[in-house]
Amino acid sequence: MLGAGARRAEKELTAVFVKQVSKPGKYHDGGGLGLYLRVEQNGARFWVQRITIREKRSELGLGSPPLVSLADARQAATDNKRMVRAGGDPLAAKRKADGAMTFDIAMDRYLANKTAGLGNEKHKAQWRSTLLAYAIPVLGRMTVDSITPRDVLHCLEPIWAEKTETASRVRQRIEAVLSWATVAGYRSGDNPARWKGNLSELLPKPSKVAKGSNHPALMLSDVSRWWSDLQHREGVAAQALGFLTLTAARSGEVRGMTWGEVDLGARIWTVPASRMKAGRDHRVALTDEAIALLQALPSATSAGPDTLVFPAPRGGMLSDMTLSAVMKRIQEAEEKAGRRGYFDPRSGRPAVPHGLRSTFRDWAAEEGQDRDMAELALAHAVGSNVERAYRRSDMLERRRGMMAAWGRFVRGESSEGHIQPNVGGQ
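Visitor: Please set out helix α13 (residues 355-367) residue by residue, giving values where relevant.
Guide: The first and last C-alpha atoms of α13 sit 19 Å apart over 13 residues, in line with the 18 Å expected at 1.5 Å per residue. When we look at burial in α13, the residues that qualify are G355, L356, R357, T359, F360, R361, W363 and A364. Turning to α13, the residues buried within the fold contact α8 (223-231), α9 (236-247), α14 (371-377) and α16 (396-410).

Right, here's the structure in full:
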């Protein structure tokens, strides 16, 4: 049996070999058809034909054994060779027969096989959620053969510096989907999401990007003025950003929020463990203003439990970039008016949605709010494993009072309800 990457220059594959081989690698068939069996690390197997079409080297996916036998693969490869010699294009013919393969369809088909081999449910959800959040808004309706490195770059640039680890995973997952599309015969040529010698020339290395840096946050003196600017913004994204601010929740928690998670009567939003970074349920105390914001939404009275509270205009979940875009537009309006805008006091960078959690934490510290309450509000782990095992309360009602005080601060009111002086406006 040949090892990984070995070539069979003259000897042909056999049906028995195809049935038994399991070692990852490329196993070439003889006969000059450019046919080989590709065996992946996860055991998946594909027939692939390497062929030159109109002076361009391409790889055609011919299906997978045992559904496509060795004899079937050889016949398909022979037919492709004949078509090329006659001046035809078997790759174009396959695309026409299969219909346009868009990235969102390719993602679904790839994940159907990929996630079946993942035992961790959270890991499965992460694959899909990261692609839905960062890749689909840009690449979703594009055909896989039309995607360029510039398109992939458009997905990654907004988060490369601020969410480097996530961005790296997104790039790897886009590359995996497009690799599947190549093997399946829907595209050919270099993978536009490849790092080495491709995106590596356009983006700084992840290791060179500052690690552990905080997300740019609003200065406390800017909060009420920024909130006032946000109130003049319309649209679902602006409403979601407002709700995020009032609850100090993460962007993904708000964007994936469904009406079934909300109990308006009890004034509680329960984020299920499957959507939480820590992997456990998190209860959020909803203030009067947060409740009012939810009740004003068009779907508040008619939506089902699985309906998104803040859906994208064209359906599905809002992207993280959409919320970031609201803050960018507020910043741009400030600069256009000749003002500096809203910058993080430490990094000097414009504030971003996730930085609002840091702003909340700074406020809690300045106001002398109980540290554990503030950390619980942010869904952070508090205390040692032993302490957490014995703690039975999540301080929900006490947190409700803290979040009400935070809301008053956001609106520019003091604890007695008076308007605070606006400083730092210029």
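Visitor: Run through the packing of aromatic side chains, naming residues and quoting values.
Guide: Scanning all chains against the criterion turns up eleven aromatic pairs. Relative to W127, the ring of Y110 lies with its centre 5.9 Å away and its plane at 45°, an arrangement referred to as tilted. On the criterion of sequence distance, the pair formed by Y110 in helix α4 (residues 103-114) and W127 in helix α5 (residues 121-139) is long-range, its members being 17 residues apart. Judged by centre distance (5.7 Å) and plane angle (45°), the rings of F243 and F310 are tilted.

Visitor: Outline the pattern of salt bridges, listing residues and values.
Guide: Taken as a whole and assessed by the stated rule, the structure comprises 18 salt bridges. Residues R74 and E12 are paired through a salt bridge, measuring 3.6 Å at the closest nitrogen-oxygen approach. With R74 in helix α2 (residues 70-85) and E12 in the segment before α1 (15-20), this residue pair connects regions lying 62 residues apart in the sequence. With relative accessibility at 23%, the residue R74 sits in the partly exposed group. By relative accessible area, which is 42% here, E12 ends up partly exposed. Among the ionic pairs, D372 bridges to R371, the shortest N-O distance being 3.3 Å. You can call D372 partly exposed: its relative accessible area is 24%.

Visitor: Residue-level account of the nonpolar core, with values.
Guide: W226, F243, W269, L286, L294, F310 and F360 are the most contacted members of the largest nonpolar core, which totals 55 residues. Looking at this core, the elements that each hand over two or more residues are α8, α9, β6 (268-271), α11 (288-295), α12 (320-336), α13, α14 and α16. Take this core: its biggest share by element is seven residues, from α9. Beyond its immediate sequence surroundings of up to four residues, F360 is in contact with A248, A374, A377, L378, M402, M403 and W406.

Visitor: Could you give an account of the pairing of strand β1 (residues 25-28), naming the residues involved and the relevant values?
Guide: As paired strands, β1 and strand β2 (residues 35-39) are joined by four bridges and run antiparallel to one another. Each bridged residue has a counterpart across the sheet, and for G25 the counterpart in β2 is V39. Here β1 hands over to β2 after six residues, with G31 in that stretch at a positive phi of 100°.

Visitor: Kindly report on the packing of α9 against α16, identifying the contributing residues and their values.
Guide: When two helices pack together, you describe them by how their axes are tilted relative to each other and by the distance separating the axes. Direction vectors running N to C along α9 and α16 enclose 125°, while the axes themselves pass 8 Å from each other. Between α9 and α16, the angle falls in the class oblique. Here T245, L246 and T247 of α9 lie close against α16, whose contacting residues are M403, W406, G407 and V410.

Visitor: If you had to explain the packing of helix α6 (residues 149-160) against helix α7 (residues 164-183) to someone new, which residues and values would you point to?
Guide: Viewed as axis vectors pointing N to C, α6 and α7 meet at an angle of 165°, and their least axial separation amounts to 8 Å. Overall, the two elements α6 and α7 adopt an arrangement that is roughly antiparallel. Crossing geometry of α6 relative to α7 is assigned as right-handed. Residues V152, C155, L156, I159 and W160 of α6 touch α7, and the partners they reach there are T164, A167, S168, V170, R171 and I174. Residue composition of the contact of α6 with α7, grouped by class: eight nonpolar, two polar and one charged.

Visitor: Can you break down the pairing of strand β3 (residues 45-53) residue by residue, with the values?
Guide: Among the nine residues that make up β3, seven are buried, leaving the element largely enclosed by the rest of the structure. Pairing of β3 with strand β4 (residues 56-61) involves six bridges; the strand directions are antiparallel. Pairing of T52 across the sheet is with R57, part of β4. Linking two consecutive strands that pair antiparallel, namely β3 and β4, is a turn of two residues; a positive phi of about 50° is found at R54 within it.

How each quantity is defined
- Residues numbered from 1 in each chain as written.
- Predicted model: local features only at pLDDT ≥ 70, side-chain atom pairs only at ≥ 80, totals over all residues.
- Heavy atoms only, no water.
- Helix = DSSP H or I, 4+ residues; strand = E, 2+ residues; numbered from the N terminus.
- Expected span 1.5 Å × (residues − 1).
- Buried < 20%, exposed > 50% of the residue type's maximum accessible area, 1.4 Å probe, protein only.
- Contact = heavy atoms within 4.5 Å.
- Phe/Tyr/Trp six-rings, centres within 6.5 Å; stacked < 30°, edge-to-face > 60°.
- Salt bridge = Lys/Arg side-chain N within 4 Å of Asp/Glu carboxyl O.
- Core = buried A, V, L, I, M, F, W, Y, C linked by side-chain atoms within 4.5 Å.
- Pairing = 2+ DSSP bridges.
- Axes fitted to C-alpha atoms, helices over the stretch in contact; angles between N-to-C directions.
- Parallel < 35°, antiparallel > 145°, perpendicular 65-115°, else oblique.
- Left-handed = near helix turned anticlockwise from the far one by under 90°.
- Nonpolar A, V, L, I, M, F, W, Y, C, P; charged D, E, K, R; others polar.

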